[in-house]
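Observations on the three-dimensional arrangement
These are the residues of each chain, in order.
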Amino acid sequence: RAGWSPDAPVAAIKFHQNRGHHDLGTFYVFGHGRPVLVDSGPAPYGTEIYRKYSSTSVAHNVVMVDDRPQARVDGRLLGAVATSRLAAASGDLTAAYPDALRSWTRDLLMAPGGPAVVYDRLEGIGPRRFDLVLHPEPPFETTGPGMLTVGTGAGAAFVSVFSDGPFATAARDGYYMTVPRRYVRFDSAAPADRRAFLTVCGWDDGGGRAVETAPGR
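A brief look at the structure comes next. (Residues numbered from 1 in each chain as written. Predicted model: local features only at pLDDT ≥ 70, side-chain atom pairs only at ≥ 80, totals over all residues. Heavy atoms only, no water.)

Quick look at the overall build of the protein chain
Put simply, the rule is: Labels follow the DSSP assignment, with helices taken as runs of H or I lasting at least four residues and strands as runs of E lasting at least two, numbered in each case from the N terminus. Each radius of gyration reported is based on C-alpha atoms, and the globular scaling rule is 2.2 Å times the count of residues to the power 0.38. Exposed residues in this analysis have more than 50% of their type's maximum accessible area, buried residues have under 20%, and partly exposed residues fall in between, with area computed by a 1.4 Å probe over protein chains only. Computed with a 1.4 Å probe, the accessible areas rest on the Shrake-Rupley method; for each residue, only the protein chains presented here act as cover. His is not counted, nor are the chain ends; Lys and Arg add positive charge and Asp and Glu add negative charge. Where a charge lies is defined by one atom per residue type: Lys uses NZ, Arg uses CZ, Asp uses CG and Glu uses CD.
A count of helical and extended segments in the protein chain gives 1 helix and 15 strands. For a compact globule of 217 residues, the expected C-alpha radius of gyration is about 17 Å, and the protein chain comes in at 16 Å, within 12% of that figure. Across its three principal axes, the protein chain shows a C-alpha extent of roughly 45 × 35 × 30 Å. For the protein chain, with 217 residues in total, the buried portion stands at 52%. Taken as a whole, the protein chain presents about 9,800 Å² of accessible surface, with 56% of it coming from carbon and sulfur. Between the centroid of the 23 positive side chains of the protein chain and the centroid of its 22 negative side chains there is a distance of 3 Å.

Some thoughts on the pairing of strand E11 (residues 147-150)
Heads up, the condition is: Strand pairing is defined by DSSP finding a minimum of two bridges between the two strands.
Here E11 shows a buried face lined by Met 147 and Thr 149 and a second buried face lined by Leu 148 and Val 150. Hairpin connection from strand E10 (residues 140-144) to E11: 2 residues lie between these consecutive antiparallel strands, with Gly 146 at a positive phi of about 70°. Pairing analysis gives 4 bridges linking E11 to strand E12 (residues 157-163), with the strands arranged antiparallel. By the bridge assignment, Val 150 is partnered in E12 with Ala 157.

Remarks on the packing of aromatic side chains
Rule in force here: Within 6.5 Å between ring centres, the rings of Phe, Tyr and Trp (the latter by its six-membered ring) count as paired, and their orientation is classed by plane angle as stacked under 30 degrees, edge-to-face over 60, tilted in between. By the criterion adopted, a ring carries a charge over it if an Arg CZ or a Lys NZ lies within 6 Å of its centre and within 35 degrees of its normal.
Under the criterion given, the structure shown has 4 aromatic pairs. Aromatic pair Tyr 53 and Tyr 175: ring centres 5.6 Å apart, planes at 65°, arrangement edge-to-face. Here Tyr 53 is found in helix H1 (residues 48-54), whereas its partner Tyr 175 is found in strand E13 (residues 167-176), with 122 residues between them in sequence. Its relative accessible area of 8% is what places Tyr 53 among the buried residues. Centre to centre, the rings of Phe 167 and Phe 186 are 5.9 Å apart; their planes meet at 80°, and the pair counts as edge-to-face. With Phe 167 in strand E13 and Phe 186 in strand E14 (residues 179-188), this pair connects stretches of sequence that are 19 residues apart. For the pair Phe 167 and Phe 186, one class covers both residues: buried. Here a set of aromatic residues connected by ring pairs shows up, and it is made of Tyr 53, Tyr 175 and Tyr 183. In this structure, Arg 1 packs its charged tip against the face of Trp 4, placed 4.0 Å from the ring centre. Lying over the aromatic face of Tyr 176, Arg 181 brings its terminal NZ or CZ to 4.2 Å of the ring centre.

Topic: the pairing of E12
Counting buried positions over the 7 residues of E12 gives 7, a clear majority of the element. Of the two faces of E12, the one lined by Ala 157, Val 159, Val 161 and Ser 163 and the one lined by Phe 158, Ser 160 and Phe 162 are each fully buried. In this antiparallel pair of consecutive strands, E11 and E12, the connection spans 6 residues, and Gly 151 shows a positive phi of 90°. Relative to strand E15 (residues 192-203), E12 runs antiparallel, the two being bridged by 7 bridges. By the bridge assignment for E15, Ser 163 is matched with Phe 197.

A word on the environment of Val 65
Heads up, the rule is: Here a residue-residue contact requires only that any non-hydrogen atoms of the pair lie within 4.5 Å.
Mapped onto the elements of the fold, Val 65 is located in strand E4 (residues 63-65). Taking C-alpha positions, Val 65 is 8.7 Å from Gly 124, a pair spaced 59 residues apart along the chain. The contact partners of Val 65, leaving out residues within four places of it in the chain, are Tyr 97, Ala 100, Leu 101, Leu 122, Arg 128, Arg 129 and Phe 130.

Treat this as a map of the structure, not an account of what it does.
Below, the structure written as structure tokens:
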């Protein structure tokens, strides 16, 4: 976290399983008193929404490999640090796709006041599809390839996604708990042996965008 005031940006990430969701490596970002990137929330156990959506990987902020759900396994914390200048954590998530990945590391970094940065590096066992899934808090809009605005007015957040390969940005239908809600996918154009994603979340300081970017590749 970047501070203890109600508006201070906060980010969290999980590298281990503790329930029935296939969500290893999912992360959350809050700032200016608002959620920015969350997940699909809980749904009643045994319901169709829980079985087919809420408990699956696509309902969380993860990279999906070959458009398949993760295995339900633990990852490994590689390291973490927190100082007055930054906080960071890194984890090994390779076990999420044991038959498809040689490696997957995910790093989360938070600077004072933002931005929050998530860096994914994946290497497949042969060519694989690598698609990033994000769940912005409504209202949000896609403002360009790899670009989202989350919230409105002062304190709106700006999310930018970069990759070392081309991808398509598209909003898809999902749920928040049991209420229909859209999420966003950044789908790779073609299978690849390796793929990296850099996700940057910044906030409007009153003078316009906090993160000036040209995402998409």
